[in-house]
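Residue-level structural notes
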Amino acid sequence: MENLREAVWPRSGWARAFQYVKHRVNRLPDRPHRIARGVWAGVLVSFTPLFGFHFLSAAAVALIIRGNILAAILATFFGNPVTFPIIAVFSVKLGHKILGDRFDNGPPEGLLSTFQAASHDLLHNFWAMFTPDRAEWSGLERFFTDVWLPYLVGGLVPGIIAATICYYVSLPIITAYQNRRRTRLKARLEKIRARMKRDEKPIKPPRL
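This report concerns the structure included in the present document. (Residues numbered from 1 in each chain as written. Predicted model: local features only at pLDDT ≥ 70, side-chain atom pairs only at ≥ 80, totals over all residues. Heavy atoms only, no water.)

What to know about the overall build of the chain
From N to C terminus, the chain includes 8 helices and 0 strands. N-terminal to C-terminal, the α/β element order of the chain is α-α-α-α-α-α-α-α. Residues counted as buried form 32% of the 208 residues belonging to the chain. For the chain, restricting intrachain contacts to residue pairs at least 6 apart in sequence, the fraction spanning at least 24 positions comes to 71%. Carbon together with sulfur atoms contributes 66% to the accessible area of the chain, which is approximately 14700 Å² in total. (Helix = DSSP H or I, 4+ residues; strand = E, 2+ residues; numbered from the N terminus. Buried < 20%, exposed > 50% of the residue type's maximum accessible area, 1.4 Å probe, protein only. Contact = heavy atoms within 4.5 Å. Areas by Shrake-Rupley, 256 points an atom, 1.4 Å probe, with all protein chains shown as cover.)

Quick look at a positive patch on the surface
A contiguous patch of positive charge on the surface is contributed by Arg27, Arg180, Arg184, Arg188, Lys191, Arg195 and Arg198. In this fold, arginine 188 is placed in helix α8 (residues 138-199). Since its relative accessible area comes to 51%, arginine 188 is described here as exposed. (Patch = residues over 30% accessible without salt bridge, like charges linked within 9 Å, V, L, I, M, F, W, Y side chains within 5 Å. Salt bridge = Lys/Arg side-chain N within 4 Å of Asp/Glu carboxyl O. Lys, Arg positive; Asp, Glu negative; His and termini not counted. Charge placed at Lys NZ, Arg CZ, Asp CG, Glu CD.)

Topic: the side chain of asparagine 68
Here asparagine 68 is to be found in the loop between α4 (54-64) and α5 (69-75). Reaching out from asparagine 68, the side chain makes a polar contact with the backbone nitrogen of alanine 71 at a distance of 2.8 Å. In contact with asparagine 68, other than residues within four places in its own chain, are Leu28, Asp30, Arg34, Ile35, Gly38 and Ala62. (Polar contact = N/O pair within 3.5 Å; in protein donor to acceptor, adjacent residues only side chain to side chain.)

Some points on the packing of helix α3 (residues 32-45) against α4
It is at 8 Å that the axes of α3 and α4 come closest, and there the two elements cross at 140°. As judged from the angle between their axes, α3 and α4 are oblique. α4 is crossed by α3, and the crossing has right-handed handedness. Residues Trp40, Ala41, Gly42 and Val45 of α3 lie in contact with α4, whose contacting residues are His54, Ser57, Ala58, Val61 and Ala62. (Axes fitted to C-alpha atoms, helices over the stretch in contact; angles between N-to-C directions. Parallel < 35°, antiparallel > 145°, perpendicular 65-115°, else oblique. Left-handed = near helix turned anticlockwise from the far one by under 90°.)

A word on the nonpolar core
Core analysis: the biggest nonpolar cluster contains 17 residues, and Val25, Ile35, Val39, Val43, Phe47 and Tyr151 have the highest contact counts within it. Mapped onto this core, the elements with two or more residues apiece are α3, α5, α6 (84-99) and α8. Ignoring sequence-local partners within four residues, the contact set of tyrosine 151 consists of Phe47, Thr48, Pro49, Phe51, Phe84, Ile87, Ala88, Ser91 and Val92. In terms of nonpolar packing, the next biggest core, distinct from the first, is built from 5 residues, Ala41, Val45, Ala58 and Ala72 among them. (Core = buried A, V, L, I, M, F, W, Y, C linked by side-chain atoms within 4.5 Å.)

Side note on the packing of aromatic side chains
We describe a pair of aromatic rings using the distance from one ring centre to the other and the angle between the two ring planes. All chains considered together, the criterion is met by 5 aromatic pairs. Summarising the aromatic geometry, the rings of phenylalanine 51 and phenylalanine 84 are spaced 5.3 Å apart at their centres and angled 80° between planes, so their arrangement reads as edge-to-face. Of this pair, phenylalanine 51 sits in the loop between α3 and α4 while phenylalanine 84 sits in helix α6, and the two are 33 residues apart along the sequence. Given the relative accessible area of 45%, phenylalanine 51 is considered partly exposed. Here the aromatic cluster, defined as three or more aromatic residues joined through ring pairs, consists of Phe51, Phe84 and Tyr151. (Phe/Tyr/Trp six-rings, centres within 6.5 Å; stacked < 30°, edge-to-face > 60°.)

Details of the environment of glycine 95
By the element assignment, glycine 95 lies in helix α6. You can call glycine 95 buried: its relative accessible area is 0%. Linking glycine 95 and leucine 149, residues 54 residues apart in sequence, is a C-alpha distance of 7.6 Å. If sequence neighbours within four positions are ignored, glycine 95 has contacts with Pro150 and Gly154.

Focus: the packing of α6 against α8
In contact at an axis separation of 6 Å, α6 and α8 are set at 100° when each is read in the N-to-C sense. The angle between the axes of α6 and α8 places the two elements in the roughly perpendicular class. On α8, the residues that touch Phe84, Ile87, Ala88, Phe90, Ser91, Val92, Leu94, Gly95, His96, Ile98 and Leu99 of α6 are Thr145, Asp146, Val147, Leu149, Pro150, Tyr151, Val153, Gly154, Gly155, Val157 and Pro158. A per-class count over the contact of α6 with α8 returns 15 nonpolar, 6 polar and 1 charged. (Nonpolar A, V, L, I, M, F, W, Y, C, P; charged D, E, K, R; others polar.)

As structure tokens, then:
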């Protein structure tokens, strides 16, 4: 229960978690444009219904576009329990419009029954592998056509827009952070060198 609570609402809060992710992305040892590409991949994947496979999908997209894989995995944080409901509802509605389907804007009983039917089919089909019962696919087919496919299609449009915005926002931030960090490291190295020179004692030549 504690792990589940931490996944839904971290003890430090989502704002603190966001700052931690941003700090980790800025400190990645790679070129800024590769890190920004990884951010693009992670944000895009967070708009897809590939739950359970976001890390692998983000890594695959980053690999294709030659982005930083670790940055892509960290950027999937864009999709979290706070933003997922907004992303899901908007994507499903937009997906139905793109596909030309009629989407019910009324109470969510229809959507809830779709999830229940899909869960029933999954559980039933699992036990059907060990019993004489036949597999049932009507609930899963309804879930695929009413929720999953519209979510996938509708999530691509806002996903690409949000990912592109995050790319152009993160690129100058990462570049400035790396330049500032490089300057600080160079100044620290110069101080160390100056201290070493001060501590050096002149070597007296041996007497003949």
